[in-house]
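Observations on the three-dimensional arrangement
In case you want the letters, here they are:
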Amino acid sequence: MFKTIIEPFRIKTVEQIRMTTVQQRKEMIREAGYNIFALRSDDVIIDLLTDSGTGAMSANQWGGIMRGDESYAGSPSYFRFRDSVQDITGFEHIIPTHQGRAAERILFSAMCKEGDVVPNNSHFDTTRANVEFRGAMALDLPSPELADMDSDFPFKGDMDLAGLRDAFNMYGAERIPLVMLTVTNNSGGGQPVSLANMRAVADICHEYDTPLYLDACRLTENAYLIKQREPGYAEKTVREIVRQMCDLAEGCTMSAKKDAIVNMGGFLATRDAALAQEHRVLLILTEGFPTYGGLSGRDLEALAIGMQEAVDEDYLHYRITSTRYVGQHLRDAGVPLLWPPGGHAIYLDAKRIAAHLEPTEYPGVAVAIAMYEAGGVRACEIGSLMFGHLDPVTGTETAGPRELVRLAIPRRVYTQSHMDYVIEVVTKVYEERESLAGYRILEQAPFLRHFSAKLEPLG
Ligand SMILES: Cc1ncc(COP(=O)(O)O)c(C=O)c1O
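Everything in this summary refers to the structure shown in the same document. On a predicted model such as this, the values are computed, not experimentally measured, just so you know. (Residues numbered from 1 in each chain as written. Predicted model: local features only at pLDDT ≥ 70, side-chain atom pairs only at ≥ 80, totals over all residues. Heavy atoms only, no water.)

Each helix and strand in the chain was counted, giving 16 helices and 16 strands. Expected size for 459 residues packed as a compact globule is a radius of gyration near 23 Å; at 22 Å, the chain falls within 12% of this value. By its C-alpha atoms, the chain is 60 × 55 × 45 Å across when sized along the principal axes. Residues classed as buried in the chain amount to 56% of the 459 residues present. Partitioning the intrachain contacts of the chain with sequence separation of at least 6 by distance along the chain shows that 71% fall at a separation of at least 24. Of the roughly 19500 Å² that the chain leaves accessible, carbon and sulfur atoms contribute 54%. In the chain, the 46 positive side-chain charges and the 63 negative ones have mean positions that sit 4 Å from each other. (Helix = DSSP H or I, 4+ residues; strand = E, 2+ residues; numbered from the N terminus. Rg over C-alpha atoms; globule rule 2.2 N^0.38 Å. Buried < 20%, exposed > 50% of the residue type's maximum accessible area, 1.4 Å probe, protein only. Contact = heavy atoms within 4.5 Å. Areas by Shrake-Rupley, 256 points an atom, 1.4 Å probe, with all protein chains shown as cover. Lys, Arg positive; Asp, Glu negative; His and termini not counted. Charge placed at Lys NZ, Arg CZ, Asp CG, Glu CD.)

Of all residues adjacent to the ligand, which total 14 residues, the nearest are Arg101, Asn186, Asp215, Ser255 and Lys258. The separation between an oxygen atom of the ligand and a polar side-chain atom of Gln99 is 3.0 Å. Between the ligand and Gly100 there is a distance of 2.9 Å, counted from an oxygen atom to a backbone nitrogen or oxygen. Taking 390 Å² as the accessible area of the ligand by itself, protein coverage stands at 96%. A total of three residues in the shell around the ligand trace back to one element, the largest contributor, which is helix H4 (residues 100-111). Taken together, the residues of the shell around the ligand sort by class into two nonpolar, six polar and six charged. (Near = heavy atom within 4 Å. Polar contact = N/O pair within 3.5 Å; in protein donor to acceptor, adjacent residues only side chain to side chain. Nonpolar A, V, L, I, M, F, W, Y, C, P; charged D, E, K, R; others polar.)

So, about unusual backbone geometry. In this structure, the amide linkage connecting Val183 to the following residue, Thr184, adopts the cis form with an omega of -15°. With respect to the helices and strands, Thr184 occurs in the loop between strand E5 (179-182) and helix H7 (195-207). Looking along the chain, the bond that leaves Trp339 and enters Pro340 is cis, with omega of -10°. Residue placement: Pro340 occurs in the loop between helix H12 (313-332) and strand E9 (345-349). One non-glycine residue, Asp209, adopts positive backbone phi at about 55°. As for its placement among the helices and strands, Asp209 is situated in the loop between H7 and strand E6 (212-215). Backbone geometry at Arg412 places phi at a positive 65°, although glycine is not the residue there. With respect to the helices and strands, Arg412 occurs in the loop between strand E14 (404-408) and helix H16 (416-431). A relative accessible area of 14% means that Arg412 is categorised as buried.

Let us now look at the sheet that holds E14. Within the open sheet, the three strands sit side by side as E9-E14-E11. Their pairing is antiparallel. A single partner strand is all that each edge strand has here, and the edge strands are E9 and strand E11 (380-382). The mean angle between the axes of side-by-side strands here comes to 30°, regardless of whether they run parallel or antiparallel. Looking at chain direction, E11 and E14 are connected through three bridges and run antiparallel. Bridge pairing in E14 links Glu381 to Val405. Strand contacts of helix H14 (residues 363-375): E9, E11 and E14, with the helix running at about 40° to E14, the strand carrying the most contacts. (Pairing = 2+ DSSP bridges. Axes fitted to C-alpha atoms, helices over the stretch in contact; angles between N-to-C directions.)

What follows concerns the pattern of salt bridges. Where charged atoms from two side chains of opposite charge approach closely, those side chains can pair. Tallied over the full model, the rule gives 25 salt bridges. Between Arg128 and Asp140 there is a salt bridge, and its shortest N-O distance comes to 3.0 Å. Of this pair, Arg128 sits in helix H5 (residues 125-133) while Asp140 sits in strand E4 (residues 137-140); the two residues are twelve residues apart in sequence, bridging distant segments of the chain. Residue Arg128 is classed as partly exposed on the basis of its relative accessible area of 25%. The exposure class of Asp140 is partly exposed, given its relative accessible area of 31%. Two residues, Glu456 and Arg440, come together in a salt bridge whose shortest N-O distance is 2.6 Å. Within this pair, whereas Glu456 is found in strand E16 (residues 454-457), its partner Arg440 is found in strand E15 (residues 439-443), the two being separated by 16 residues in sequence. Looking at Arg440, the relative accessible area reads 41%, which means it is partly exposed. Put simply, Asp51, Arg218, Glu221, Asp259, Arg319 and Arg411 are held in one network by salt bridges that share partners. (Salt bridge = Lys/Arg side-chain N within 4 Å of Asp/Glu carboxyl O.)

Below, the structure written as structure tokens:
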């Protein structure tokens, strides 16, 4: 009835934001070697670097923290966590881990060997690293629709089905120990996967007797986008849709730092009892006893409650609508971005914003730094600084496949006026785009260079 979508919560505790001037920020980013990862977070006004572990817990979750039972074995907090995850996902064996990548390491250690191939719509970087660490190949099979940034196609996170069939034909089922679907597809622009696509992927997996696992960090945001966008699901509840998604899979890994709105935590889930036993052995080696898995009892309580809050449809409506609100306003202002917006982030197309810069002049860095200098907004470059590399033989820089800047929105942290401010800052940077200068790398590490590189502006 009313067009304003309000935050479906009241604020009980506040965290002061330190306001800074353009001049101060120019000095601070210079001191940080023009690397936004090297900034101190209290020098940032609105922090959109990641939505992982940055959410605001509810009063109920904080209440759960006090209830946490810190027994080494058999804590009631573990059972509340297990029951809550089983209730939402339907998976039988639930193994707590300190975060998503620990679940990935255990899953791939148990299932993959050298020479194997793991298809995924798009691997997240830790997922890829854990597959490759086993000597297996991480094969990305994103939907061809993802290549068109401007189309209205609603499920750009889908897996390329023809590509999956080709993979089975080319490598043979014996080299594919599992197939993964990342929901939503973070490396593919936070785009959702449709249930129709999941079903088709599951059918192919059945044909080859290969298990399907979900990378379920943003499971409930994906489910809400299915409800909004996929014909036939408008009347289903998010709980029902989540269950339909999980019913197609043998298990999942989950970083609970996303949809389950905890600052730390994750889990591995499976229907396979023998595999679960193997997972628990690996868990004990590095994470902890199977009823805490590297988490405190209080973390398990917060996670148990967060899983239930993650399927609350008033919350999801606000969450998905506010992400779209930012995307729609920026689009109306002419700012090029990946369309339609996914669940957790807006991805700006820095290649088109700073069209006068070569990829090796880091247009994404130029846009991200301009946003910080202009308004203290921190976002993440996903472009040639992150995915390009220095050729050690020729000493030349190679560009990455895309030049994006990700504005990841923490859950329940910022209000609409914060988002209006972000829209103003990005719009100003866009209007003044012709003055954006490129960057040159002064120092870089051989791996994951974007975290520690030092840069300087050109000219
Ligand atoms: C899709 C996806 N998978 C896995 C992970 C890894 O989770 P964690 O950071 O908890 O290890 C992330 C984290 O950002 C992610 O976005």
